[in-house]
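Structure at a glance
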Amino acid sequence: MRILVFNAGSSSLKFGVFDCQPGRPASQARHILKGSFERFGTDGCTLRLDGNTTTAPHCDLSSATRAVPEILHGAGVDKLDAIAHRVAHGGAEFTAPALLDSATLARIEALTPLAPLHNPANLDGVAAARATWPDLPQWAVFDTSFHLTNPARATTYAVPETWRATGLRRFGFHGTSHKYVAQRAAEALGQPLRDLRIISLHLGNGASACAIARGESIDSSMGMTPLEGLIMGTRSGDVDPGLFGYLAREMGLSVAEIEDALYAESGLKGLTGSSDMRDVEDRAAAGDAQAQLAINIYAYRARKYIGAYAAAMGGLDALVFTGGIGENSPSMRRRICDGMQFMGLKLDHDRNLAVDLTDRAAPQIQAYGARVNVLVTETAEQLMIAYDVTNAMVKPKDTVLKVPVAVSARHVHLSQASVEALFGPGYTLTPAKPLRQKGHWAAQERVTLHGPKGEIANVAILGPLRPRTQVEISRTDGFALGLDAPVRQSGDLDGTPHVRLIGPAGCQDTDGLIVAARHIHMNTEDARIAGLSDGALVDVTLDDTGRGLTFADVLVRVTDAAFTEMHIDTDEANAAGIKDQIAGHVRLSLREAD
Ligand code: ADP
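An account of the accompanying structure is given in this report. (Residues numbered from 1 in each chain as written. Predicted model: local features only at pLDDT ≥ 70, side-chain atom pairs only at ≥ 80, totals over all residues. Heavy atoms only, no water.)

1. A few points about the packing of helix 2 (residues 102-109) against helix 3 (residues 119-132)
So the rule is basically this: The angle between two axes is taken between their N-to-C directions and runs from 0 to 180 degrees, where each axis is a line fitted to C-alpha atoms and a helix contributes only its stretch in contact. Secondary structure elements follow DSSP: runs of H or I no shorter than four residues count as helices, runs of E no shorter than two count as strands, and numbering proceeds from the N terminus. With respect to orientation, any angle under 35 degrees is reported as roughly parallel, any angle over 145 as roughly antiparallel, any angle of 65 to 115 as roughly perpendicular, and every other angle as oblique. Throughout, a crossing is termed right-handed when the near helix is turned clockwise from the far one, and left-handed when it is turned anticlockwise from it by less than a right angle. Two residues qualify as a contact provided that any one of their heavy atoms is within 4.5 Å of a heavy atom in the partner residue.
For the pair helix 2 and helix 3, the least separation of the axes is 10 Å and the interaxial angle reads 160°. Comparing their axes, helix 3 and helix 2 come out roughly antiparallel. Crossing geometry of helix 2 relative to helix 3 is assigned as left-handed. Contacts from Ser102, Leu105, Ile108 and Glu109 in helix 2 reach Asn119, Leu123, Val126 and Arg130 in helix 3.

See below:
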């Protein structure tokens, strides 16, 4: 599909044309043309087209948009399938690209108070494009969508309920960029995204950090607005909110004046007078103390977020640098990473200096043998926008299968060492009841779980024994125990919380406490019929239950001998109104797997 992407700002219009194949990795999309109209003024603007700069007579968004068809024609681009618009704020409702009909436009317009600087310009761009191409489908892709997987603990400000009721919460931005570079990093490392914990540092004029665990954004440094977090070109990033009262009382500043200064006169500009990192680095090298301090503050803030996000994810597999500074400043990358060896993060200084990003390369710059991979790659927001719209335009293939749903109540899988600690040396568990997965059974014995808040007795033990003990509870059980168990796939236990297991002969403190991520066991034949392969992610709609529900991102695990069934936990079953087990029709919407 051929997609024209627009990124309309208050004084510029960036555009690009891409050819994308649905389902293929985004990095394989073909870039046909890229350009921008910049610095609209009364006597025209600058036009950049695939590296060439000229002046153009257009002084605003709509006249520049009207000039695009001729530019495309000149480049041999005469047929388009759709137009995709970058929109800054999609609030809590736009989780995916949205087709721009008038109802959707009205919903986006209603979000303007959340992004007063960005959304109006984006919408002006949409209006101009609709006037120029009235017959083409137009889509919006939102900077916020990727972060809507952030858990409530990351998005909720601890402020009065009446404030939160207005929709005030953290959202996060640069989502398209973080999503792209995380995918690109996984591709370059040759590992599935769902196995990785990644921190992406987008360091451009705007800057943000994002924690991406198993392909999902779980936290990011920008908040309700793009002002929170890292130091930026002209934005302050994190400040004490107490500053507002102080500035109002002591300096007599209005809300608008304070906001203006935090957006436009702060960050590198506030610290040095220049918002451009190249200037700041040159001045620091020439001995300017203000510039040196600014660089220190900039790197220190980024390091704090790396530490915080590694803690939030329980570890770190890869750090990715992108954005003008992340891509081009070896000295900033080094300042940020030096001294982080304690967490397995160490650069190779020669590789760091030799970074070459030609042809969408994503070179690795960690020291040989360092545990954390460090990559640099150019962000490709326009390409990712085109790719997301291409996939949204391809109707998902719905497959209806009759898959039984099994509700997994809390249980443990024990190692030999745990069995002996709980039941005595040399003890062997007694299989009492076979399970439907071949070779699996429930034991006659039971254990008690003990946490800082409470105990849960009579918990089932499932065999056979495993090399590592794993304790599977629901989120509700976690509150009863006073422990915060992460949602994990079976066997993915590094960095999970400890819980005490109590048996008749003793107790054991062990890690391995998880809320099991929902999944479908599927045998090879059923997978073939459904057109699924191991590792696919599907949306599953349960229609036959008391309260029909769609579960997103259900992992399909294909093995030859599997009994095909879907496993969900008790909280999920309650939400779907499932009493015990159902053998209903399950509608699988196939989605792009990572
Ligand atoms: P935007 O967020 O507007 O897309 P960019 O991603 O292009 O911005 O980033 C712009 C920033 O990147 C500026 O601060 C610029 O100075 C910085 N930058 C670009 N090249 C270099 C370089 N070689 N060394 C240091 N900083 C650089």
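2. Considerations on empty space enclosed by the protein
Where we set the bar: Here a cavity is any set of points on a 1 Å grid over the protein atoms alone where a 1.4 Å probe fits but cannot get out, and a pocket is any open set with protein on both sides within 12 Å along at least 5 of 7 lines; a residue lines the site when it has an atom within 4 Å of a point. Grid points are joined across faces, edges and corners, and a volume is the space filled by probe spheres set on the points. In the scheme used here, Gly and all other residues not listed as nonpolar or charged are polar, with Ala, Val, Leu, Ile, Met, Phe, Trp, Tyr, Cys and Pro taken as nonpolar and Asp, Glu, Lys and Arg as charged.
What the rule picks out here adds up to one cavity of 30 Å³ or more. Size it by volume and the largest cavity reaches roughly 30 Å³. Lining the largest cavity are Leu114, Ala115, Pro116, Leu117, His118, Thr225, Pro226 and Tyr263. Its residues assigned to classes, the lining of the largest cavity comprises six nonpolar, two polar and no charged.

3. Topic: unusual backbone geometry
Threshold: Here's how the labels work: a residue is buried when its accessible area is under 20% of the maximum for its type, exposed when over 50%, partly exposed in between, all with a 1.4 Å probe on protein chains only.
In this structure, proline 464 follows glycine 463 across a cis peptide bond, with omega equal to 5°. One non-glycine residue with positive phi stands out, namely aspartate 50, at about 45°. Position of aspartate 50 relative to the elements: it lies in the loop between strand 4 (44-49) and strand 5 (52-56). Take aspartate 50: its relative accessible area is 44%, and that puts it in the partly exposed class.

4. Observations regarding the pairing of strand 4
This is how it is decided: Note: two strands are recorded as paired if DSSP finds a minimum of 2 bridges between them.
For strand 3 (residues 30-41) and strand 4, the ladder comprises five bridges, and the chain directions are antiparallel. Within strand 4, the position partnered with phenylalanine 37 by the bridge is leucine 47. Counting the residues that bridge the hairpin from strand 3 to strand 4 gives two residues. As judged from the five bridges shared by strand 4 and strand 5, these two strands associate in the antiparallel manner. Note on strand 5: the bridge partner recorded for threonine 46 is threonine 55. Hairpin geometry of strand 4 and strand 5 is characterised by an intervening segment of two residues between the two adjacent antiparallel strands and by a positive phi of about 45° at aspartate 50.

5. Looking at the packing of aromatic side chains
Just so we agree on the cut-off: Pairing of aromatic rings covers Phe, Tyr and the six-membered ring of Trp, with a centre-to-centre limit of 6.5 Å; geometry is then stacked below 30 degrees between planes, edge-to-face above 60, and tilted otherwise. Geometrically, a lysine NZ or arginine CZ counts as sitting over a ring once it is within 6 Å of the ring centre and also within 35 degrees of the ring normal.
Counted under the stated rule, the structure contains five aromatic pairs. For the pair phenylalanine 15 and phenylalanine 37, a centre-to-centre distance of 5.7 Å together with 35° between the ring planes defines the contact as tilted. Of the two residues, phenylalanine 15 sits in strand 2 (residues 13-19) while phenylalanine 37 sits in strand 3, which places them 22 residues apart along the sequence. Classification of phenylalanine 15 by relative accessible area gives buried; the value is 0%. Note on phenylalanine 37: relative accessible area 0%, which makes it buried. Both rings, one in phenylalanine 423 and one in tyrosine 427, keep their centres 5.1 Å apart while their planes meet at 25°; by these two values the pair is stacked. Under the relative-accessibility criterion, tyrosine 427 is labelled partly exposed at 30%. When the ring centre of tyrosine 368 is taken as origin, the NZ or CZ atom of arginine 351, which lies over that ring, is 4.2 Å away.

6. Some remarks on helix 6 (residues 175-189)
For clarity, the threshold we go by: A helix is expected to span 1.5 Å for every residue after the first.
The first and last C-alpha atoms of helix 6 sit 21 Å apart over 15 residues, in line with the 21 Å expected at 1.5 Å per residue. Extensive coverage of helix 6 is indicated by the burial of twelve of its 15 residues. Inspection of helix 6 places Gly175, Thr176, Ser177, His178, Tyr180, Val181, Ala182, Gln183, Arg184, Ala185, Ala186 and Leu189 among the buried residues, and these make up the whole buried set. The secondary structure elements touched by the buried residues of helix 6 are strand 8 (138-142), strand 9 (197-203), strand 10 (207-213), strand 12 (318-322), strand 13 (373-376) and helix 15 (381-393). Following helix 6 by one or two positions, glycine 190 adopts a phi angle in the positive range, close to 70°.

7. Quick word on the side chain of threonine 46
Within the secondary structure layout, threonine 46 lies in strand 4. On the accessibility criterion, threonine 46 (16% relative accessible area) is buried.

8. Quick notes on the site of the ligand
What counts, and what does not: We call a residue near a molecule or strand as soon as one heavy atom of that residue lies within 4 Å of the molecule or strand. Between N or O atoms, a polar contact is any pair within 3.5 Å; within protein, one atom must be a potential hydrogen donor and the other a potential acceptor, and residues adjacent in sequence are included only when both atoms are from side chains. In short, Shrake-Rupley with a 1.4 Å probe defines the accessible areas, and a residue's cover is counted only from the protein chains shown.
Neighbouring the ligand are 13 residues; Asn205, Asp276, Met277, Arg278 and Gly324 lie closest to it. The contact in question runs from a nitrogen atom of the ligand to an N or O atom on the backbone of asparagine 328, over 3.4 Å. When isolated, the ligand has an accessible area of 580 Å², and the protein chains bury 71% of it. Those elements that place two or more of their residues in the shell around the ligand are helix 10 (277-285) and helix 12 (323-328). Considering every element that reaches the shell around the ligand, the biggest residue donor is helix 12, with four residues. The class makeup of the residues in the shell around the ligand is two nonpolar, eight polar and three charged.

9. Description of the sheet that holds strand 4
An order of 5-4-3-2-1-6-8-7 is seen for the eight strands of this open sheet, with the pairing classed as mixed. In this open sheet, the two strands that pair with only one neighbour each are strand 5 and strand 7 (98-99). Pairing of strand 6 (residues 82-87) with strand 8, which is carried by five bridges, proceeds in the parallel orientation. Along strand 8, the bridge assignment pairs valine 87 with phenylalanine 142.

10. Points about the sheet that holds strand 12
Pairing is mixed in the open sheet, where five strands are placed in the order 11-10-9-12-13. Each edge of the open sheet carries a strand with a single partner, namely strand 11 (216-220) and strand 13. On average, each strand axis in the sheet is inclined to that of its neighbour by 20°, with strand direction left out of account. Pairing of strand 10 with strand 11 involves four bridges; the strand directions are antiparallel. Note on strand 11: the bridge partner recorded for cysteine 210 is serine 220.

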